[in-house]
6 protein chains.
Amino acid sequence: MKILAFGEVMMRLTPPHYKLIEQTDTLDLAFNGSGVNMLSSLAHFGYDTTILTTLPANQVGRAAAGTVRKLGIKDELIGYRGDHIGLYFLEMGFGNRPAEVTYLNRLASSFGESTLSDYDLDQAVASADIIHICGIALMLAEGTREVAFALAEKAHKAGKFVCFDFNYRPSLNKENGHEWVKDQFHRMLPNCDLVIGGIRDLTELIDLPVPANLTDEVEILRAVSQVFSEKFDVAYFAGTIRGQVGEQRGIRGFLRHQAEFFVSRPFAVEIYDRIGTGDAYAAGILAGIIEKWTVEKTVDFATSNGVLTHTTFGDSPLIRKEIVEAFSRGELGDVIR
Amino acid sequence: MKILAFGEVMMRLTPPHYKLIEQTDTLDLAFNGSGVNMLSSLAHFGYDTTILTTLPANQVGRAAAGTVRKLGIKDELIGYRGDHIGLYFLEMGFGNRPAEVTYLNRLASSFGESTLSDYDLDQAVASADIIHICGIALMLAEGTREVAFALAEKAHKAGKFVCFDFNYRPSLNKENGHEWVKDQFHRMLPNCDLVIGGIRDLTELIDLPVPANLTDEVEILRAVSQVFSEKFDVAYFAGTIRGQVGEQRGIRGFLRHQAEFFVSRPFAVEIYDRIGTGDAYAAGILAGIIEKWTVEKTVDFATSNGVLTHTTFGDSPLIRKEIVEAFSRGELGDVIR
Amino acid sequence: MKILAFGEVMMRLTPPHYKLIEQTDTLDLAFNGSGVNMLSSLAHFGYDTTILTTLPANQVGRAAAGTVRKLGIKDELIGYRGDHIGLYFLEMGFGNRPAEVTYLNRLASSFGESTLSDYDLDQAVASADIIHICGIALMLAEGTREVAFALAEKAHKAGKFVCFDFNYRPSLNKENGHEWVKDQFHRMLPNCDLVIGGIRDLTELIDLPVPANLTDEVEILRAVSQVFSEKFDVAYFAGTIRGQVGEQRGIRGFLRHQAEFFVSRPFAVEIYDRIGTGDAYAAGILAGIIEKWTVEKTVDFATSNGVLTHTTFGDSPLIRKEIVEAFSRGELGDVIR
Amino acid sequence: MKILAFGEVMMRLTPPHYKLIEQTDTLDLAFNGSGVNMLSSLAHFGYDTTILTTLPANQVGRAAAGTVRKLGIKDELIGYRGDHIGLYFLEMGFGNRPAEVTYLNRLASSFGESTLSDYDLDQAVASADIIHICGIALMLAEGTREVAFALAEKAHKAGKFVCFDFNYRPSLNKENGHEWVKDQFHRMLPNCDLVIGGIRDLTELIDLPVPANLTDEVEILRAVSQVFSEKFDVAYFAGTIRGQVGEQRGIRGFLRHQAEFFVSRPFAVEIYDRIGTGDAYAAGILAGIIEKWTVEKTVDFATSNGVLTHTTFGDSPLIRKEIVEAFSRGELGDVIR
Amino acid sequence: MKILAFGEVMMRLTPPHYKLIEQTDTLDLAFNGSGVNMLSSLAHFGYDTTILTTLPANQVGRAAAGTVRKLGIKDELIGYRGDHIGLYFLEMGFGNRPAEVTYLNRLASSFGESTLSDYDLDQAVASADIIHICGIALMLAEGTREVAFALAEKAHKAGKFVCFDFNYRPSLNKENGHEWVKDQFHRMLPNCDLVIGGIRDLTELIDLPVPANLTDEVEILRAVSQVFSEKFDVAYFAGTIRGQVGEQRGIRGFLRHQAEFFVSRPFAVEIYDRIGTGDAYAAGILAGIIEKWTVEKTVDFATSNGVLTHTTFGDSPLIRKEIVEAFSRGELGDVIR
Amino acid sequence: MKILAFGEVMMRLTPPHYKLIEQTDTLDLAFNGSGVNMLSSLAHFGYDTTILTTLPANQVGRAAAGTVRKLGIKDELIGYRGDHIGLYFLEMGFGNRPAEVTYLNRLASSFGESTLSDYDLDQAVASADIIHICGIALMLAEGTREVAFALAEKAHKAGKFVCFDFNYRPSLNKENGHEWVKDQFHRMLPNCDLVIGGIRDLTELIDLPVPANLTDEVEILRAVSQVFSEKFDVAYFAGTIRGQVGEQRGIRGFLRHQAEFFVSRPFAVEIYDRIGTGDAYAAGILAGIIEKWTVEKTVDFATSNGVLTHTTFGDSPLIRKEIVEAFSRGELGDVIR
């Protein structure tokens, strides 16, 4: 089973020891991105993964490709042009203090400036069974949007399994009106088999109504996701619900598959590095679909993957399948020997 | 609004990764001190700050001044003489294990040996609206004590707002009797507009009586602080009360302003680096006074600043005003983007 | 009071910042091992300690001996031969994610290949009052087993206090049958004065029966340990019981001394580095025996030492006796100055 | 004597241990730039320095300003807007291998997008005695070019000492024709009192002819610089000549002051970090002009500063005046105590 | 053009800052080996490379494979078994002090214990145009020797270009007699098209006679290599000659191709990290053969690659083809921008 | 052969990567000192060594003792009192830039304040065959001076071999007149068997005349050292002469033994870390005396040890005897395997 993702590779710069930028003279360097993260997780589960992206044609772009390969992702469809990569600083949070992300210029990146002519989409579609498209690529720039649409349409036509992640970032869409945004999703969704998102994506971005008689968070989700699934003929819709477990932060995973709808028990989360946990969840869902697990097992696995990814450094999930499964069954102790 | 603080700049050496000194061959190097910490916080809130101190006339002293400037504090009133700086090792705590501070020689430092003739106090007083004096400077050595007294008196006479922090360290006063210690505070306090301290400073250092009928911690503080405020004509008295919030450590801030007295709700604290959190609280109080906030808002802001400073590396608080305010309103999530 | 331990010195390689091996290009290097850990703790309590072991005759072996000395352990009985040292990677855990230990070849090490002819056991026995033998040495290889037996027998005959720690690792005994394993312990135990272990060592390794009428964990331990103590004439049997304290992990220590049996209250543990905490407990028990403390004080001290060792980096316990005692009395605050 | 420089602050990311980008997961973080470098050196000589620039209005921009202050440069004229900072990776060279600089996007930076309306040039001119303008700012973008011209003209009119550094980067001017480039310099030069450059700037950028009868490098420089000085009424022209000293790399400094022309003896250079050494030379020349040293002393001092700056990490020169002077007199041994 | 190499992947542990093992508590972690190094260089030149090897089936083996991929080498033919990897410490040299390599157990590694049944040699041969076999694999253990022979024979029969590197390590062959060693090479060489080695390999390992009338190093090499080439029908024989260039260390490359024989001029070398430079040379020779360069260009390129690899950290060469070429033409300055 | 040294243990703080103090937020931590350095070298040669000193009674003092043990030096005669340790920053030099040492307070250290009553000199003398006294201890403070005199006298009387190193630091003796300084040496020297120093110690500190007819450096040394040896009945006098070897720094060792006088050939030195190289030389001389080598072999060995110690990080020499010997015979290549 081969999975291809179209998305941006970004550079992440992280001060060590929970320091702020102004406190440090060293940084941790990594390359990641929503698509990379999801593929990283799938590669660590043992699947064959490939990223479709554009990197700068310099030492930084080549180093980024090296990291991608190290994560277990194939780099054969990466193109090289320009001289810039989207980058951000992550000041890691601790306890009461949230992590803080500071983006530097993202639009002028090699990826942000890439267009249809930079990609051989037919080859890309032919090479994979599952095609994943990140919502950030859809909304980043005109060029990447056209690639996202064309890729989704070609893949859908070719009968490939298409996965889309809303991943909506208001900060990247300050100048686009609500209707315009909605139109983009309306164009994308009919091509999709699996969509990753949350209740707000459905109600606020594409204006699905909340049934007036419902107040319970889960019941609303159950109802709205059914409408969503039917309206756009999307076989799977999955995501997470954040909340509290006693005094701790907590998370529940959910998955709608056609008429089925399942929400996991709450899992307490302890956060070391919050970024990329949604991508870990998405990868877990895809694993369940590939393996044809039940929705229950799929959601428990995906949620476990998300929970464990809160505890690892870096955005890209790295946990092996057997560890995720053991965790989901409550079988892990303090030390694995 | 310009704030000047008189106090020691110290060198802090911290083993990384929660290691003990004997485990490490690298150290984190920083320069801080109670006055520096308070000014750092105020500078990060956007105020104009200056430190009045003495540093060694060598590469270490110059590096210390560089750090001071980097924190946003002006170094124009720093003098240079001698060859030593007070320094300490901090072995960071974790969970059940407390942090451990090991001081090396502190008295032989350039600051510890500085005297009235090293400072132009008239210029210092003239240059600022608020003058902060650290109780450590008062009790460190004969020379710094005379500077502290002279500065407080000149500032008070000049109508400047004088702030004093008890910061009493028994280890620095092993050879001074109780009455002698009390006399120093009796000489200092009448010059002060804001005093930072706790109930024990009032009852144990300057012997204010605890009303016999009171047992509740807050009620005692309310009563004794009123006596204190009236006796020494101190407009503001502020500090924190440590305790538990469920299974977690907790903290409450309080502020007496004339007849008003307010104690915040308990805030749970998770500790990464405990040192400097009291200075963060003091800075928050000063910010509230500068901004003419209500006592409630002032205390919530100051306590929030203290709570957040438990989560950052290093002694010197670095959190921006808008983040402290958002935290005090409960508006921060897991990630700020 | 002189303590000698026979056991392996291993090299531990730890990625920093809770990273996994694949994420790091730097490692923390340390040398430790069950015997080294116990002696390290005793040395930090102020006792005279010596390790009996074999190290490679190269730069790595010499560096390992340097670390041993730095911990406060005498290296005069260390022999040098061969070129390999047992080593393992530790990927530190965080929150929900367990630590993971990956051993590289352990049998081909200088220690694993050492035999009776590499040690002067008479000299070793004569030089110490207490002889500690690690169960890993007993089960690692034929050569180290013969040394373990000979050392125990000689020490016992010479009237020395013999301490044995089960430390059973199934992964090192995949090819040995249950009866064979049991035979080894049956040969070792009659020479011992103190045995460190848990209920499963007694019931699963040496087949002591669980009284049919008992279900409470502590009552079973009380009963089985009495049988154990009598059957093998072992004066002391000690260990820990893991469990939960509210939402946190917890630990209780126990000690049987002849007819006496004591179990401590549960201590909540927060884990920074889990490895070596059992050795810290054992060292605490030995300290109590040396100091002739009551079983209650001994167990509280040993458990406190174990709890605190969960919070320090590295396997080898480093906490001073006065800190352990203050912790056991609940006297430690956030910062020791 | 107050010196103001207009120029870009850049972020420099350097892999440690002479590694390449692809080899490292940590980076050294610094902020510098040609103007910052020159001011850093002057600040370390004891002069009052200020940078005029624009930084991003985020955590990165604030950290950059902190570094600027730490170097001893005043940040009061820094403006904040946008979200990007010019940045580059430096892979340090070793022996036969050159250092390699990889720029990421530089034009979209807060500085690159700044325009006349972002600066109060009258205030800037009024606040300083010497105004330095970096040629990179002149050629970077339309906005910064207009600022550079306006600043030079205002300063010149106000009778301030204007310093200009060619610092020509072909890579930033790929699309500008030779004549256009020349026109910019023709507009700038008449406002300048000191120009920093080399023979190729005079002959290739502004087309001064090389006298046909001359072949010796120094004689050509002597002749052409005289024409240059007279043509544009530039009082001082200074720069360096690179070459070999035996088997080592070497450098000579030169200075034309009106009719005087002096070239230093060759200094052997050993390179640790090559970047910023030209700025160190320029700072040394300015120091000599401020101190009214002879051209000989000025050039020896400036060259010494350049030579020593080859040996320090980072772009920004940090050597104290007394060390530079001792070096220029050959008085430094192996260790300064 | 696809290149496959059969060889060991080793773990290298390097103390930072030129420290000795006993001085450090951190290490640099890398994975390399003679085959990996050669492929790394070829991958950085843009060729398609694959390693054929066996790694441990654990976190260390998976991390090693990640590094291999990051270097640009395909890992599809890597097998996983066992739990050990060959490893060594490198204490880097400086000036007069040589680097020192300390090997830990190498024979018990997953590779050292691998045998014919662990590899699909037919697939391996079919997948590549050039097959490289490292002499260490030939001499390490019986299993790897049989693989080396079988691979060479199959590749030769299949008409593939076979490359062999003597890489003779006396320390791995202490127990094998001279004749036995010679027999192995006699069996290997007839299958080879390119052999990497030095004069001593020819005269001491396989006993080719030195013509009595020759004393000049180069003339001896010319003569003996001709005999070698003819005797074993080896089309190419290449290697380096170390010596002095003035006061510096120096190196010359040579290549015999049939009747042609060329020795480069001496290149001065400055050493940062000596290991892997021979592999860089070999990769350069292969590049020349692939590109059908003249022997002169090939040797200059290969020597340049070797010289530059003395200046980079780590064993695996990383220099791009255009940089090597520019260096061989003397076109590199101090900084590449 | 047991060697005891009386001297100060200092803390050294070194910025990494050749950075200056102001550039770094991390430091390398080490403990050393002239006596520690000499003993470290002797311990690495295989001799039994013990330091006699006083350390602070806190975590820093205990860590210092751990380092001493790690170096292979016995710590049994170390006393603990007070809270301060002498410390200095070392900014490492590079090429043309010298290293720079910045001392913080040294007099107020536990050692600086130690007196006769802190040491059991009879036990110390009885425990060793060779007693080494550092000139810094002699001149540091009244207390350490009295210990130095008493130790020398007791050792001399007991027939032990007494070694003294001038190690004169003008900065520690600014207030003592020339005659007073000379008197101290006059009191010390008659007790000594080996003195380490240079020509200036003899001519400037104790006023031995330079024969008027001599101008050659070596001839002067030969003549003056003979007078010195006879006047004070000192059997051995040894030291080094610094100079140039071609374009490189160089060093020659010398040794006078009674009537014999030998000066080595010049050795080129490449400097990584200059500090402690004199102590390495002294240790080499002691090794030669212990082993009863010829003066020629002794000086070549000692000079080689000094030369190699220029190439290692840190003050304390760490090179093994066989490596020093191989270097002195010119047998070391680029890599030791």
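Residues numbered from 1 in each chain as written. Chains lettered and ligands numbered in written order. Predicted model: local features only at pLDDT ≥ 70, side-chain atom pairs only at ≥ 80, totals over all residues.

### Structural notes on the overall build of chain A
This is how it is decided: Comment: elements are numbered from the N terminus, with helices defined as DSSP H or I runs of at least four residues and strands as E runs of at least two. Both definitions apply: the radius of gyration is a C-alpha atom measure, and the globule rule equals 2.2 Å times residues to the power 0.38. Residue burial is a threshold on neighbouring C-beta atoms within 10 Å of the residue's own C-beta, all placed from the backbone, with 20 or more meaning buried, 12 or fewer meaning exposed, and counts in between meaning partly exposed. With C-beta atoms placed from the backbone, a contact is any residue pair whose C-beta atoms sit within 7 Å.
From N to C terminus, chain A includes 11 helices and 17 strands. For 337 residues, the compact-globule estimate of 2.2 N^0.38 gives 20 Å, and the C-alpha radius of gyration of chain A, at 19 Å, lies within 12% of that figure. Across its three principal directions, the C-alpha atoms of chain A cover 55 × 50 × 40 Å. The buried share among the 337 residues of chain A stands at 59%. Put simply, 70% of the contacts in chain A that link residues at least 6 apart link residues at least 24 apart.

### With respect to the relation of the copies chain D and chain A
Cut-off, in case you're wondering: Residues below a pLDDT of 70 in either copy are left out; the C-alpha atoms of the rest, at least 70 in both, set the least-squares superposition of the copies.
For the pair chain D and chain A, the best superposition has an RMSD of 0.0 Å and corresponds to a rotation of 180 degrees with a translation of 0.0 Å parallel to the axis. Taken together, the rotation and translation describe the operation of a two-fold axis. Taking the C-alpha atom as reference, chain D places Leu27 of chain D closest to the rotation axis, 2.5 Å from it. Mapped onto chain A, 100% of the interface residues of chain D are again interface residues, and the two copies thus contact each other with one and the same surface.

### Regarding the relation of the copies chain E and chain A
Both copies of the chain are tied together by a single rotation about an axis and a shift running along it. Of the transformation placing chain E onto chain A, the axial shift is 0.0 Å and the rotation is 180 degrees, giving an RMSD of 0.0 Å. The overlap is high: 100% of the interface residues of chain E also sit at the interface in chain A, so the same surface is used on both sides.

### A look at the interface of chain E and chain A
What counts, and what does not: In this count, Pro and Cys sit with the nonpolar residues alongside Ala, Val, Leu, Ile, Met, Phe, Trp and Tyr, while Asp, Glu, Lys and Arg are called charged and the others, Gly among them, polar.
At the interface, four residues of chain E touch four residues of chain A. A class-by-class count of the residues in the side of chain E that touches chain A yields no nonpolar, two polar and two charged.

### Description of the environment of Ile285 of chain A
Residue and element names in this part refer to chain A. You can see Ile285 is positioned in helix H9 (residues 277–291). A residue is classified by how many C-beta atoms lie within 10 Å of it, and Ile285, with 31 of them, is buried. Taking C-alpha positions, Ile285 is 21 Å from Val125, a pair spaced 160 residues apart along the chain. Those residues in contact with Ile285 that sit more than four places away from it in its chain are Leu194, Ala238, Leu255, Thr298 and Ala302.

### Brief notes about the interface of chain D and chain A
A common way to report how large an interface is uses the accessible area buried once the components associate. Selection criterion: For two strands to be treated as a pair, DSSP must find at least two bridges joining them.
Counting from both sides, the interface comprises 25 residues of chain D and, opposite them, 25 residues of chain A. Those elements giving two or more residues to the side of chain D that touches chain A turn out to be strand E3 (26–32), helix H2 (59–70), strand E8 (87–91) and strand E9 (99–103) of chain D. Class assignment for the residues of the side of chain D that touches chain A results in 10 nonpolar, eight polar and seven charged. One ladder, built from three bridges, connects strand E3 (residues 26–32) of chain A with E3 of chain D; its direction is antiparallel. If you follow Thr26 of chain A over to E3 of chain D, its bridge partner there is Asp28 of chain D.

### Let's talk about the packing of helix H1 (residues 34–44) of chain D against helix H9 (residues 277–291) of chain D
Helix-helix packing: each pair is described by the crossing angle between the helix axes and the interaxial distance. All names here are of chain D. The condition is simple: Here, axes are lines fitted to C-alpha atoms. For helices the fit covers the stretch in contact, and angles between N-to-C directions go from 0 to 180 degrees. Relative orientations are named as follows: roughly parallel for angles under 35 degrees, roughly antiparallel for angles over 145 degrees, roughly perpendicular for angles from 65 to 115 degrees, and oblique for any other angle. Left-handed describes a crossing whose near helix is turned anticlockwise from the far helix by less than a right angle; the clockwise case is right-handed.
Relative to each other, H1 and H9 sit at 45 degrees, their axes nearing to 8 Å. As the angle between them shows, H1 and H9 are arranged oblique. Both H1 and H9 take part in a crossing whose hand is right-handed. The residues of H9 that touch H1, namely those facing Ser34, Asn37, Met38, Ser41 and Leu42, are Asp279, Ala280, Ala282, Ala283, Leu286 and Ala287. Partitioned by chemical class, the residues of the contact of H1 with H9 number seven nonpolar, three polar and one charged.

### Remarks on the sheet that holds strand E9 (residues 99–103) of chain B
Spatial ordering of the open sheet is given by E17(C)-E9(B)-E8(B)-E2(B)-E3(B)-E3(F)-E2(F)-E7(F)-E8(F)-E17(D), a layout of 10 strands whose pairing is mixed. Either end of the sheet is taken by a strand with one partner, and the two such strands are strand E17 (335–336) of chain C together with strand E17 (335–336) of chain D. Relative to strand E7 (residues 87–91) of chain F, strand E2 (residues 10–14) of chain F runs parallel, the two being bridged by three bridges. Following the sheet pairing, Leu13 of chain F is matched in E7 of chain F by Phe89 of chain F. Along the sheet face, helix H2 (residues 59–70) of chain B touches strand E2 (10–14) and strand E3 (26–32) of chain B together with E7 and strand E8 (99–103) of chain F and points at about 70 degrees away from the line of E3 of chain B. Contacts from helix H2 (residues 59–70) of chain F reach strand E8 (87–91) and E9 of chain B together with E2 and strand E3 (26–32) of chain F, with the element oriented near 70 degrees to E3 of chain F.

### Quick notes on the sheet that holds strand E17 (residues 335–336) of chain B
Taken in spatial order, the 10 strands of this open sheet run E17(B)-E9(A)-E8(A)-E2(A)-E3(A)-E3(D)-E2(D)-E8(D)-E9(D)-E17(E), and their pairing is mixed. Here the strands that pair on one side only, and so sit at the sheet edges, are E17 of chain B together with strand E17 (335–336) of chain E. Across four bridges, E8 of chain D lies against E9 of chain D in antiparallel orientation. In the sheet register, Phe89 of chain D faces E9 of chain D, and the bridge partner there is Thr102 of chain D.

### Thoughts on the environment of Gly197 of chain D
Residues and elements named next belong to chain D. Here Gly197 is to be found in the loop between strand E12 (194–196) and helix H7 (199–205). A sequence separation of 80 residues divides Gly197 from Thr277, and the C-alpha atoms of the two residues are 13 Å apart. Once residues lying within four places of it in the same chain are set aside, the contact partners of Gly197 are Phe166, Leu202, Phe237 and Gly239.

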